[in-house]
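Residues per chain are reported as follows:
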Amino acid sequence: RAPLSLPKLREMAQRGERIAVLTAYDATFARCMDDAGVDCILVGDSLGNVVQGEKSTLPVTLEHMAYHTRCVAQGRRAAWLVSDLPFGSYEASPRQAFDSAVALMQAGAQMVKLEGGGVTADTVRFLVERGIPVCAHLGLTPQRVHALGGFRVQGRDEAAAAQLKADAAALAEAGAAMVVLELVPSGLAREITLAHPGMLTIGIGAGAGTAGQVLVMHDMLGLTTGRRPRFVRDFTREPGSEPQAPGLSVAQAFARYAADVKAGCFPDEALHGY
Ligand code: KIV
Ligand code: NA
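Residues numbered from 1 in each chain as written. Chains lettered and ligands numbered in written order. Predicted model: local features only at pLDDT ≥ 70, side-chain atom pairs only at ≥ 80, totals over all residues.

Q: Before we go on, may I ask you to explain the overall build of the chain in this structure?
A: Across its full length, the chain carries twelve helices and eight strands. Over its C-alpha atoms, taken along the principal directions, the chain stretches across nearly 55 × 45 × 40 Å. Burial status across the chain gives 49% buried among its 274 residues. Taking as baseline every contact in the chain between residues at least 6 positions apart, the subset at least 24 positions apart corresponds to 63%. (Helix = DSSP H or I, 4+ residues; strand = E, 2+ residues; numbered from the N terminus. Buried ≥ 20, exposed ≤ 12 C-beta atoms within 10 Å, placed from the backbone. Contact = placed C-beta atoms within 7 Å.)

Q: I would appreciate a short explanation of the UniProt feature "active site" (unreviewed entry) in the chain in the present structure.
A: When the UniProt feature table is mapped onto this chain, "active site" (unreviewed entry) is found at Glu182. Position of Glu182 among the secondary structure elements: in strand β6 (residues 178–182). Residues in contact with Glu182, not counting those within four places in the same chain, are His137, Gly139, Leu140, Ile204, Gly205 and Ala206. (UniProt positions renumbered as here; feature names shortened; annotations may be inferred.)

Q: It is not clear to me how the UniProt feature "binding site: 3-methyl-2-oxobutanoate" (unreviewed entry) in the chain should be interpreted in this structure. Could you clarify?
A: In this structure's numbering, the residues bearing the UniProt feature "binding site: 3-methyl-2-oxobutanoate" (unreviewed entry) are Asp45, Ser46, Asp84 and Lys113. These residues run over 69 residues, yet every pair of their C-alpha atoms falls within 12.5 Å of each other. Turning to its location among the elements, Asp45 is positioned in the loop between β2 (40–43) and α3 (47–50). If near-sequence neighbours (up to four positions away) are discounted, Asp45 is found in contact with Thr57, Val60, Met65, Asp84 and Pro86. Inspection of the secondary structure puts Asp84 in strand β3 (residues 80–84). A count of 31 C-beta atoms within 10 Å places Asp84 in the buried class. Not counting the four nearest positions on each side in its chain, Asp84 is found in contact with Val43, Gly44, Asp45, Met65 and Lys113.

Q: Can you help me understand the sheet that holds β2 in this one?
A: Ordered in space as β1-β2-β3-β4-β5-β6-β7-β8, the eight strands form a closed barrel in which the pairing is parallel. Strand after strand, the sheet turns through a mean of 25 degrees between neighbouring axes, direction not considered. Taken together, the three bridges between strand β1 (residues 19–23) and β2 define a ladder with parallel strand orientation. Residue pairing in the sheet places Leu22 in a bridge with Ile41 of β2. (Pairing = 2+ DSSP bridges. Axes fitted to C-alpha atoms, helices over the stretch in contact; angles between N-to-C directions.)

Q: What is the right way to read the nonpolar core from this model?
A: In globular proteins that are soluble, nonpolar side chains generally tend to be buried together. Formed by 85 residues in total, the largest nonpolar core has its most connected members in Leu22, Ile41, Ala176 and Val179. The biggest single contributor to this core is helix α11 (residues 250–263), with six residues. With residues up to four places along the chain from it excluded, the contact list for Val179 reads Cys135, Ala136, His137, Leu138, Ala168, Leu171, Met199 and Thr201. (Core = buried A, V, L, I, M, F, W, Y, C linked by C-beta atoms within 7 Å.)

Q: Explanation requested: the confidence of the model for the chain in the structure shown.
A: Atom-level detail of predicted coordinates should not be read off regions where pLDDT is low. Taken as a whole, the chain shows an average pLDDT of 96; of its residues, 100% reach a score of 70 or greater. Confidence, read as mean pLDDT per element, is least for helix α12 (residues 269–272) in the chain (88) and greatest for β2 (99). Among the scores for the predicted complex, ipTM is 0.99 and pTM is 0.97. (pLDDT = per-residue confidence, 0-100.)

Structure representation (structure tokens):
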């Protein structure tokens, strides 16, 4: 498989081929999902939850992210590699964001992701003008969980939807090449996707109308305990199979995810959308 690049990802979107994204935090899982056909690997700050056992992403540091980015970069072959700027590493100024982004790029990232709406547009522009591709992140932004008051769907009422659309427009204008839309009503996510063809939309709990999909690896392997969010599917199980039926291997689950995203079978609007 030839390595993915931004122009190739854009071509895929233009052809209507959906982009399959998963999170990874180490070399072995990164290699496994890359070999299974996943297009893009995100070293998410969900690291805090699924690797470090923290209750939120707030304790994750730039050093942690750089370490895990390096681990994933060792296992990656063809997938496009995105790494999260953690809480506190980019909000103060474009200069602070640039210094933090450099640490992640030097660890092997090809693109950095940062959370927030129009207020981050100046920072996005600053990074893009200096050769650092940027993925934005709108809707439910977990680094702001305390300000948002919990993990719930964003952009539900008219004013919130208008704000989200304005944020998306500002980020596209600033040069964000990709945007994660998390916990956003399906119709709104589809609208944002169509409005900004130059900014690839990657949905999580945002319906089937985005350019791509992302899930946290541990969630889609059925390893996460506690309440499972509506948008998660356990890809180690055949849909509708008996609980005692043998499950799929990790490699098979990754391949199934990539195939189902591309075939448009995941997400299923009725089961996983809002
Ligand atoms: O940290 C993460 O895993 C993420 C994805 C859920 C988009 O930001
Ligand atoms: Na994240």
